[in-house]
Amino acid sequence: MDLNDKIEKILEKVQKAPRYTGGEMNTEVKGWDDCPLHFGFCFPDTYEVGMSHLGMKILYGLINRESWSLCERFFMPWTDMMALMEEEQLPLLSMESRHPLNEFDVVGFTLQYEMSFSNILAMLKMGRVPLESRERGENDPIVVAGGPCAFNPEPLADFIDAFMIGDGEEVMTELNRVILERKEKGFSREKCLKELAKLEGVYVPSLYDVRYNEDGTVASVTPNCPEAKTSVRKRVVTDLNSTYYPEEFPVPYTEVIFDRIMLEIMRGCTRGCRFCQAGMLYRPVRERSMEKLIDLAEKLQASTGYEEISLSSLSSGDYSCLPELIRELMKRMKDKRVSISLPSLRIDSVLKESLEETQQVRKTSLTFAPEAGTQRMRDVINKGVTEADLLGKVRDAFEGGWSSVKLYFMSGLPTETTEDLDGIADLARKVIAEYFNVPKTQRAKGLRVTVSVSVFVPKAFTPFQWAAQDTLEKIIAKQEHLKQVLNIKGVTFHWHEPFVSFLEACFARGDRRMGNVLKRAFEKGCLLDGWNETFRYDLWMEAFRECGLDPAFYAHRERSKDEVLPWDHIDSGITKQFLWHEKEKSERAETTKDCRKGCNGCGLQRWKGVCSYANARSV
Amino acid sequence: MRMLAVFEKGERIRHIGHLDIQRSVQRGLRRSGLPVAYSNGFNPHILITFASALSTGACGKREIMDVTMAEDVSEEEFLTRMNQAMPPEMQLSEARAVDQKHPALMASLRAAEYDLLIREKDTADKLVGAISAMMEKDAVLATRKTKTAVRECDIKPLIYELKGEGQHIYATLVLTEKEACKPGMLIEALAKEAGIEGEIRVLITRTGLLGMDENGNLVPLETL
Ligand code: SF4
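Residues numbered from 1 in each chain as written. Chains lettered and ligands numbered in written order. Predicted model: local features only at pLDDT ≥ 70, side-chain atom pairs only at ≥ 80, totals over all residues. Heavy atoms only, no water.

### A closer look at the overall build of chain A
Here is step 1 of the chain: When helices and strands are counted, chain A shows 22 helices and 19 strands.
Here is step 2 of the chain: Since a compact globule built from 619 residues should have a radius of gyration of about 25 Å, the 24 Å found for chain A is in line with a globular shape.
Here is step 3 of the chain: In terms of overall dimensions, chain A has a C-alpha envelope of 70 × 65 × 55 Å along the principal axes.
Here is step 4 of the chain: Each of the 619 residues in chain A was classed as buried or not, and the buried ones make up 63%.
Here is step 5 of the chain: For chain A, the share of sequence-separated contacts (at least 6 apart) that also reach a separation of at least 24 residues comes to 76%.
Here is step 6 of the chain: Carbon and sulfur atoms provide 48% of the accessible area of chain A, an area that totals close to 23,600 Å².
Here is step 7 of the chain: The positive charge centre, built from 84 side chains, and the negative charge centre, built from 95, are 4 Å apart in chain A. (Helix = DSSP H or I, 4+ residues; strand = E, 2+ residues; numbered from the N terminus. Rg over C-alpha atoms; globule rule 2.2 N^0.38 Å. Buried < 20%, exposed > 50% of the residue type's maximum accessible area, 1.4 Å probe, protein only. Contact = heavy atoms within 4.5 Å. Areas by Shrake-Rupley, 256 points an atom, 1.4 Å probe, with all protein chains shown as cover. Lys, Arg positive; Asp, Glu negative; His and termini not counted. Charge placed at Lys NZ, Arg CZ, Asp CG, Glu CD.)

### What to know about the domain arrangement of chain B
By a widespread convention, an interface's size corresponds to the accessible area lost as its parts come together.
All names here are of chain B.
Here is step 1 of the chain: According to the domain assignment, chain B consists of domain 1 (2–105) and domain 2 (109–223).
Here is step 2 of the chain: Listed per partner, the contact involves 18 residues of domain 1 and 13 residues of domain 2.
Here is step 3 of the chain: Both faces considered, domain 1 and domain 2 share a buried interface measuring about 1,300 Å² in area, 52% of it formed by carbon and sulfur atoms.
Here is step 4 of the chain: The largest share of the area that domain 1 buries against domain 2 comes from Cys59, Arg62 and Leu105, three residues that together contribute 30% of it.
Here is step 5 of the chain: Here domain 1 is connected to domain 2 by two salt bridges.
Here is step 6 of the chain: Notably, a salt bridge pairs Glu222 with Arg62, separated by 2.6 Å at the nearest N-O pair.
Here is step 7 of the chain: Inspection of the region where domain 1 meets domain 2 yields eight residue pairs in polar contact (both at pLDDT 80 or more). (Domains from an automatic or database assignment. Buried area = accessible area lost by both parts, 1.4 Å probe. Salt bridge = Lys/Arg side-chain N within 4 Å of Asp/Glu carboxyl O. Polar contact = N/O pair within 3.5 Å; in protein donor to acceptor, adjacent residues only side chain to side chain.)

### Quick word on the sheet that holds strand S17 (residues 448–455) of chain A
Residues and elements named next belong to chain A.
Here is step 1 of the chain: What the four strands build is an open sheet, ordered S15-S16-S17-S18; its pairing is parallel. With one partner strand each, in any of the chains shown, strand S15 (366–371) and strand S18 (491–495) form the two edges of the open sheet. Put simply, the sheet's adjacent strands are angled 20° from each other on average, direction ignored.
Here is step 2 of the chain: Inspection of the sheet shows S15 paired to strand S16 (residues 404–411) by four bridges, in the parallel sense. Residue Phe368 lies in a different strand from S16, and its bridge partner there is Leu407.
Here is step 3 of the chain: Relative to S15, helix H14 (residues 387–399) is tilted by about 170°, and along the sheet it contacts S15 and S16.
Here is step 4 of the chain: The strands touched by helix H16 (residues 472–485) within the sheet are S16, S17 and S18, with S18 carrying the most contacts at an inclination of about 175°. (Pairing = 2+ DSSP bridges. Axes fitted to C-alpha atoms, helices over the stretch in contact; angles between N-to-C directions.)

### A short note on the packing of helix H4 (residues 54–65) of chain A against helix H7 (residues 168–185) of chain A
Axes are the key here: two packed helices are described by the angle between their axes and the distance separating the axes.
All names here are of chain A.
Here is step 1 of the chain: The geometry of H4 relative to H7 is characterised by a closest axis approach of 10 Å and an angle of 40° between their N-to-C directions. It follows that H4 is oblique to H7 by the angle criterion. Crossing handedness for the pair H4 and H7: right-handed. Residues Ile58, Leu59, Leu62 and Ile63 of H4 form the contact with H7, whose own contacting residues are Gly168, Glu169, Met172, Thr173 and Asn176.
Here is step 2 of the chain: Along the lines of polarity and charge, the residues of the contact of H4 with H7 split into five nonpolar, three polar and one charged. (Parallel < 35°, antiparallel > 145°, perpendicular 65-115°, else oblique. Left-handed = near helix turned anticlockwise from the far one by under 90°. Nonpolar A, V, L, I, M, F, W, Y, C, P; charged D, E, K, R; others polar.)

### Some points on the pairing of S18 of chain A
Residue and element names in this part refer to chain A.
Here is step 1 of the chain: Looking at chain direction, S17 and S18 are connected through five bridges and run parallel. Bridging from a neighbouring strand, Val453 pairs with Trp495 of S18.
Here is step 2 of the chain: As a crossover connection, the stretch from S17 through H16 into S18 is right-handed. (Right-handed = clockwise from strand over helix to strand, strands pointing away.)

### What to know about the packing of H7 of chain A against helix H8 (residues 189–198) of chain A
Residue and element names in this part refer to chain A.
Here is step 1 of the chain: Two numbers describe how H7 lies on H8: the axes approach to 10 Å, and their chain directions differ by 155°. As summarised for this structure, H7 and H8 are arranged roughly antiparallel, according to the angle between their axes. H8 is crossed by H7, and the crossing has right-handed handedness. For the pair H7 and H8, the contacting residues are Leu175, Val178, Ile179 and Arg182 in the first and Arg189, Cys192, Glu195 and Leu196 in the second.
Here is step 2 of the chain: Across the contact of H7 with H8, the residue classes break down as five nonpolar, no polar and three charged.

### Focus on the packing of aromatic side chains
All names here are of chain A.
Here is step 1 of the chain: Applying the stated rule across the entire model yields 20 aromatic pairs over all chains.
Here is step 2 of the chain: The interplanar angle of 75° and the centroid separation of 5.1 Å between the aromatic rings of Tyr47 and Phe75 together place this pair among those described as edge-to-face. Of the two residues, Tyr47 is situated in helix H3 (residues 47–50) and Phe75 in strand S2 (residues 69–75); the sequence distance between them amounts to 28 residues. Taken as a pair, Tyr47 and Phe75 share a single burial class, namely buried. (Phe/Tyr/Trp six-rings, centres within 6.5 Å; stacked < 30°, edge-to-face > 60°.)

### Notes on empty space enclosed by the protein
Residues and elements named next belong to chain A.
Here is step 1 of the chain: Under the counting rule described, the total for this entry stands at nine cavities of 30 Å³ or more.
Here is step 2 of the chain: Reported here for the largest cavity is a volume of approximately 250 Å³.
Here is step 3 of the chain: Surrounding the largest cavity, 18 residues form its lining, Tyr20, Met81, Met85, Leu92 and Leu93 being those nearest its centre.
Here is step 4 of the chain: Mapped onto the lining of the largest cavity, the elements with two or more residues apiece are helix H1 (3–13), helix H2 (18–21), S2 and helix H5 (79–87).
Here is step 5 of the chain: If one sorts the elements of the lining of the largest cavity by residue count, H1 sits on top with three residues.
Here is step 6 of the chain: Grouping the constituent residues of the lining of the largest cavity by class yields 15 nonpolar, one polar and two charged.
Here is step 7 of the chain: Looking at the second largest cavity, its volume works out to about 110 Å³.
Here is step 8 of the chain: In terms of lining, the second largest cavity is formed by 15 residues, of which the most central are Arg283, Cys595, Cys602, Leu604 and Cys611.
Here is step 9 of the chain: Counted by class, the lining of the second largest cavity contains 10 nonpolar, four polar and one charged residues. (1 Å grid on protein atoms, 1.4 Å probe; cavity = no way out; pocket = protein on both sides within 12 Å on 5 of 7 lines; lining within 4 Å. Points joined across faces, edges and corners; volume = space filled by probe spheres on them.)

### Brief notes about the site of the ligand
All names here are of chain A.
Here is step 1 of the chain: Around the ligand lies a shell formed by Arg283, Cys595, Cys599, Asn600, Gly601, Cys602, Leu604, Gln605, Cys611, Tyr613 and Ala614.
Here is step 2 of the chain: Cavity membership is defined here by more than half of the atoms lying within 2 Å of grid points; on that basis the ligand lies in the second largest cavity.
Here is step 3 of the chain: Residues belonging to the shell around the ligand are distributed by class as follows: seven nonpolar, three polar and one charged. (Near = heavy atom within 4 Å. Sits in = over half its atoms within 2 Å of the grid points.)

### Structural notes on the interface of chain B and chain A
Here is step 1 of the chain: Chain B puts 24 residues into the contact, and the matching count from chain A is 35 residues.
Here is step 2 of the chain: Here chain B meets chain A over a buried area of about 2,500 Å², counting both sides, of which 45% is carbon and sulfur.
Here is step 3 of the chain: The three residues of chain B that bury the most area against chain A are Arg12, Arg27 and Arg30 of chain B, which together make up 30% of that side's buried surface.
Here is step 4 of the chain: Run the count over chain B and chain A and you get seven salt bridges.
Here is step 5 of the chain: Among the ionic pairs, Arg14 of chain B bridges to Glu12 of chain A, the shortest N-O distance being 3.3 Å.
Here is step 6 of the chain: Put simply, chain B and chain A have 16 residue pairs in polar contact (both at pLDDT 80 or more) between them.
Here is step 7 of the chain: Top contributing element to the side of chain B that touches chain A by residue count: helix H1 (residues 18–32) of chain B, with six residues.
Here is step 8 of the chain: When the residues that make up the side of chain B that touches chain A are grouped by side-chain class, the tally is nine nonpolar, four polar and 11 charged.

Put into structure tokens, the structure is as follows:
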């Protein structure tokens, strides 16, 4: 039976076949033989998740734009598909031309969340690429990775040949050029990796040696060859207007999670919330101009036919001319029946005016993220939002005709007490009261308040990188307490699986030895850990035991100031000193101002011309 | 003005369900920039209907969409712009402008033509060989599955034409709003006749949708 026949046979049996069939609008932009360099872009989760991801659309367009490189997509198959593929001995194939993964020159993974790590191993294995970097030969692809989780690359150091740290738009092409050059000139894999290490923002883990102290902490991470830099500095694109942004997106046939035009209006955030890794990693703040955004919106609308545009960024409400942007977009999109939505509303920055305009088009539920229940706790995490702010915005929303509100909180934050948990319930009650304060004739029917409480996971490059995560017993006790106090009429309470957050914490601050655990867990059958139905906590714990590692060492241990952290050789631009200072302030519940109001000296001010706010006013 | 357009659902996307195909056509229309009419109301949608839903797993050679236009456009322009706006697996082959009062396609639908490719040669030979014997019977029984019930029915009166050639079975089967013989029912009956048990792998392609002209002849629906 030939390949296509086998595929057809499988597709007849598998659930949700369209996940695997491709042929979507705006894909398959080029032919395999038209380009010398083949890039296999792997999203280590299902099609529906991967196709919702903006970063992938950007890089897909960016690589395919170059005349010499081609990019095709790979996603993590669901378990039924994996079983069928194994039965037919089919390798992991690209969505576009159905080439196996190991026939690509570069295999690139995007690292969005730690719980996708086992899928990386699974995809490599199905794609017949040797799992570990050291096992790969001259004819195997170069395996690279980027995205937020690349900032602590150590748990994946055994499996990834080269990491790209920071913004990908420039370094991606530079990296591909090196690999193309190797292909043309035929130099060795080793030389290629060393060449890659010379690029700014590229970290090649095999060129570094790690030593450990007796207590298990890291003693040092040092380069073992001259090409490797002592510290790898993240890449930053300084001007978003001149940075590549796609003018067309692949449009899936089936519904995916975010099935709309995503317009990245800015990158970075100046708020300085202390739990937020993205807020630190994506500094400094850079805005796309209104003219550029309107131009992109019109082109994307024409090339996709989407019905909705969402403005995307960490803190869209902070965009300097948000009301004008929304007004202009609405004006131009009205005849095209395109609605505009704002996904990450900051409760203290959305103007009532814009809310009223949004409402003309579509009334989805509004999302607010106070993150903590009391003012003290919000000061600890530097979430610069007061109860009055929140309730004011909620009132505006109810008066504007909304009746469905989602509130996001975290539990397990450093210094949290029962009072802070009770504060969550208090806030929910006050939100309900605001609704009933609006006269019956003016408010929309069907009040729905959803309270989601996630488990806090301390992350690298945040002021809480030294903090201990709550133990499972504590988390479970707190969730029980929340269930009781949130048993309020009109409130739906959602909480997060604590076991997943525990494991996430191990990887988020893990060292290279976590790679052994990952490999062992994968061999035992762990994969698709982000999904309840496939997550196997028991197998993960077995893997830790067999590797002689204690997960509590990674998740529940408070680090000291002078401990070498496994990611210390990665330079995010933010200094360790600044983060420590922020940690100390958090212990005193002292806030730090938004750095648009004046530079707080996070470290980026040292890089010339990178942060426009730091340049505007010296430290 | 309404535009009746014939389009394809290619083999690669045959597992896409009808709702997703509908949405894809709508997005194609939005990409084309053609002046389509929208419904009024809070969530405006394009005024479009499809002659018949094609099941998941089946390909279609001549599926028909019926789009209400806000302004008149020529058939050529409709075709050109839509073909630029649609993915390769969903290209259009014909368009015909009709006036607003033209009867609804669904109501005029009488039958559909199918090309059933039997994947295994042995099975194909047996099924093709069983055609004449089966058609000589007074009644041909097959199971009809609806949402609520499974029952036996006689599909003989629902078969207009049936012939075999190599690994293909060509069939013209009744398809109206009320009554239909699905290709699966036909294969089931043929398998019974040929004494084949177990799963039969068939690639179903609906090659045409038919209506009836004033002389009682079956003709392509879009020409009525
Ligand atoms: S350098 Fe200053 S202004 Fe720029 S992000 Fe850091 S603290 Fe904010």
